[in-house]
Structures are given as C-alpha cells and as structure tokens.
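Next come the chains, spelled out residue by residue.
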Amino acid sequence: MPFLLWRIDEALSRPGHKPLKFRDVFCSHFYVTTSGFFSNPALQCCIAEMSIDRILFAVDYPFITNPPAIRWMQQVPLSDVDKAKILSGNTKKLLRM
C-alpha cells in the first residue's frame, strides 16, 4: 500500500474532489507490519513513505517460521535505534504501554 500513496493523492486532487491528502490520512491512522515480508527494499519503501515510526515487527507463523524474521532483523541496514523502534518501541507507543 505505501507505494500507492502518491497515485491516490494524485487521483483525489482532480477537479471536483475536495482537498484531501490521502497520504496524510493514511500515514496518521495506519501502521504496517513486517509479517511475512522480510525484504530490505520493501522495508525501505515503507520507511520512505510512512516513516520508521509506523512500522511494527511481526512474524507470520505458521506460514513462515520465526527464524528468518529474526535473522533478517539482525542484518537489516538500520541503526540500532530504528531497529528498537520496529522491534518494540512503536508497538509500546501505539498500545500506550
């Protein structure tokens, strides 16, 4: 979904539509998870479109086992601060823990 944000905004900006930035609504109300998508390019797209603060770590057991998710997060090219946000910080903030 994040890679569609520009196109949706463009479609909604046509004459006859009230001014609305779908990107703003989407990025302030939704989160994405890593569940079953352990891809660096996909993660970078989500970070670029939504920010690191809107990404939550998740696995997709039993469809994908847990070890690939762990190995991926260990090697993903992010700072330790950003990894901590994805692994638990963003969830704690979302759930007000």
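Everything here concerns the structure above.
Within each chain, residues carry numbers counting from 1 in the order of the written sequence. Residue-level local features of this predicted model are given only where pLDDT is at least 70; pairs of side-chain atoms are given and counted only at 80 or more, and the full residue set underlies all totals for whole chains, interfaces and linings. As a convention, hydrogens and water are excluded, and side-chain values are obtained from all of the structure's heavy atoms.

Asks: Describe the nonpolar core, with residues and values.
Replies: By nonpolar core we mean a set of buried residues, namely Ala, Val, Leu, Ile, Met, Phe, Trp, Tyr and Cys, connected to one another through side-chain atoms within 4.5 Å. Note on exposure labels: buried denotes an accessible area under 20% of the residue type's maximum, exposed denotes more than 50%, and partly exposed covers the range between, all computed with a 1.4 Å probe on protein chains only. If you look at the biggest cluster of nonpolar residues, it comprises 17 residues, and the most contacted ones within it are Leu 43, Ile 47, Ile 55, Trp 72, Val 76, Leu 78 and Ile 86. Ignoring anything within four residues of it in the chain, the contact list for Ile 86 reads Thr 34, Leu 43, Ile 52, Ile 55, Leu 56, Phe 57, Met 73 and Leu 78. Contact definition: two residues touch when any of their heavy atoms are within 4.5 Å.

Asks: Could you give an account of a nonpolar patch on the surface, naming the residues involved and the relevant values?
Replies: A surface patch of nonpolar side chains, amounting to about 310 Å² of accessible area, comprises Met 1, Phe 3 and Leu 4. Residue Leu 4 is classed as partly exposed on the basis of its relative accessible area of 33%. Patch definition: residues above 30% relative accessible area lacking any salt bridge, with like charges linked at up to 9 Å and the nonpolar side chains Val, Leu, Ile, Met, Phe, Trp and Tyr linked at up to 5 Å. Accessible areas in this description were obtained via Shrake-Rupley with a 1.4 Å probe; residue shielding takes into account the shown protein chains only. Salt bridges, as used here, are contacts in which a Lys or Arg side-chain nitrogen is within 4 Å of a carboxyl oxygen on Asp or Glu.

Asks: Outline the packing of helix H1 (residues 5-12) against helix H2 (residues 22-29), supporting the account with residue identities and numerical values.
Replies: Here H1 crosses H2 at 135°, and the two axes come no closer than 8 Å. Between H1 and H2, the interaxial angle falls into the category oblique. For the pair formed by H1 and H2, the contact residues are Leu 5, Trp 6, Ile 8, Asp 9 and Leu 12 on the first element and Phe 22, Arg 23, Phe 26 and Cys 27 on the second. Each residue gets one label: Ala, Val, Leu, Ile, Met, Phe, Trp, Tyr, Cys and Pro are nonpolar, Asp, Glu, Lys and Arg are charged, and the others, such as Gly, are polar. Residues belonging to the contact of H1 with H2 are distributed by class as follows: seven nonpolar, no polar and two charged. For helices, the fitted axis covers only the stretch in contact; all axes are lines through C-alpha atoms, and the angles between them, taken along N-to-C directions, range from 0 to 180 degrees. Every helix listed is a DSSP run of H or I at least four residues long, and every strand listed is a run of E at least two residues long, numbered separately from the N terminus. To sort the angles, those under 35 degrees are grouped as roughly parallel, those over 145 as roughly antiparallel, those from 65 to 115 as roughly perpendicular, and the leftovers as oblique.

Asks: Residue-level account of unusual backbone geometry, with values.
Replies: The amide bond that connects Tyr 61 to the next residue, Pro 62, takes the cis arrangement and shows omega of 10°. Tracing the chain through its elements places Pro 62 in the loop between strand S2 (55-56) and helix H4 (66-75). For Ser 51, which is not glycine, the phi torsion reads 95° and is therefore positive. Secondary-structure assignment places Ser 51 in the loop between helix H3 (40-50) and S2. By relative accessible area, Ser 51 is classed as partly exposed at 28%. For Arg 96, which is not a glycine, the phi torsion comes out positive at approximately 55°. Mapped onto the fold, Arg 96 is located in the segment after helix H5 (80-94).

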